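Observations on the three-dimensional arrangement
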Amino acid sequence: MSEQLSDLYRDIIMEHYRFPRGKIPIAAPDITREGQNPACGDEIEIKVKMDGDKVRDISVDCIGCAISIASGSMLADMIRGKTLAEAKKIARIVKALLKGEEVNEDIELGDLDALRGVNKFPVRIKCAMLSWTTLVDAIEAEETGGINDVSTTE
Ligand code: FES
């Protein structure tokens, strides 16, 4: 990765950190889940409002570092209008990006592409995964009729 590209990734992440999407709380959410990064104790709460089988709105309330907040903001941007199955697929792609794997999915990554840069900082991968792990756990609890407990990054 060129230095210029690294700067671009950093600028995208910082823009999401400063102006996080999904900051406005949702009234009467259909799905709610809390998550925590046990490495630092930072926390997140995700609320999802559905419209049929698609996400109408999502709020991401994150008390964490710049990368966790930025990643949660990107999540809010990406997930609106998607089905829960599509949301899980995007979460799998984000995980692959963070591991530095090639992504061959037919999807427009948009700002998510900036998360590739986090791969250079392994200690930060859990930060970037916090919102996505919480979302996937929330969806799977919903699908299985389970209880929406607290998620932790692996
Ligand atoms: Fe806590 Fe990043 S340092 S989530």
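Residues numbered from 1 in each chain as written. Predicted model: local features only at pLDDT ≥ 70, side-chain atom pairs only at ≥ 80, totals over all residues. Heavy atoms only, no water.

A word on the overall build of the chain
A count of helices and strands for the chain gives 4 helices and 4 strands. Starting at the N terminus and ending at the C terminus, the chain contains elements arranged as α-β-β-β-α-α-α-β. Over its C-alpha atoms the chain spans a radius of gyration of 14 Å, differing by no more than 12% from the 15 Å that the globule rule assigns to 154 residues. When its C-alpha atoms are laid out on the principal axes, the chain stretches across 45 × 35 × 25 Å. Looking at the chain as a whole, 43% of its 154 residues are labelled buried. Taking the intrachain contacts of the chain between residues at least 6 apart in sequence as the baseline, contacts between residues at least 24 apart amount to 58%. About 8,100 Å² of surface is accessible on the chain, with carbon and sulfur atoms providing 50% of the total. The average position of the 20 basic charges and that of the 28 acidic charges among the side chains of the chain differ by 1 Å. (Helix = DSSP H or I, 4+ residues; strand = E, 2+ residues; numbered from the N terminus. Rg over C-alpha atoms; globule rule 2.2 N^0.38 Å. Buried < 20%, exposed > 50% of the residue type's maximum accessible area, 1.4 Å probe, protein only. Contact = heavy atoms within 4.5 Å. Areas by Shrake-Rupley, 256 points an atom, 1.4 Å probe, with all protein chains shown as cover. Lys, Arg positive; Asp, Glu negative; His and termini not counted. Charge placed at Lys NZ, Arg CZ, Asp CG, Glu CD.)

Some details on the packing of helix α2 (residues 66–79) against helix α4 (residues 125–144)
Following both chains from N to C, one finds α2 and α4 inclined at 40°, their axes separated by 6 Å at the closest point. Compared by their axis directions, α2 and α4 come out oblique. As for the relative orientation of α2 and α4, their crossing is right-handed in sense. Of the residues in α4, those in contact with I67, S68, S71, G72, M74, L75, M78 and I79 of α2 are C127, A128, S131, W132 and L135. (Axes fitted to C-alpha atoms, helices over the stretch in contact; angles between N-to-C directions. Parallel < 35°, antiparallel > 145°, perpendicular 65-115°, else oblique. Left-handed = near helix turned anticlockwise from the far one by under 90°.)

Brief notes about the pairing of strand β2 (residues 42–51)
Where strand β1 (residues 31–37) and β2 come together, 7 bridges link them in antiparallel fashion. Paired with R33 across the bridge in β2 is I46. Examined bridge by bridge, β2 and strand β3 (residues 54–63) share 9 bridges and lie antiparallel to one another. What sits directly across from V48, in β3, is I58. (Pairing = 2+ DSSP bridges.)

Things to note about the environment of K47
By the element assignment, K47 lies in strand β2. Separated by 14 residues in the primary sequence, K47 and D61 place their C-alpha atoms 8.6 Å from one another. When neighbours within four sequence positions are excluded, K47 is seen to be in contact with I26, P29, I31, T32, D57, I58 and S59.

Quick look at α2
Between its first and last C-alpha atoms α2 spans 20 Å; for 14 residues at 1.5 Å apiece the expected length is 20 Å, and the two agree. Along α2, 12 of the 14 residues are buried, which leaves the element largely enclosed by surrounding structure. Every buried residue belonging to α2 is among I67, S68, I69, A70, S71, G72, S73, M74, L75, A76, M78 and I79, and all of these are buried. Backbone geometry just after α2 places G81 at a positive phi near 85°. (Expected span 1.5 Å × (residues − 1).)

What about the sheet that holds β1?
Taken in spatial order, the 4 strands of this open sheet run β3-β2-β1-β4, and their pairing is mixed. The open sheet has two edge strands with one neighbour each: β3 and β4 (150–152). Between one strand and the next, the sheet's axes are offset by a mean angle of 25°, whatever the strand orientation.

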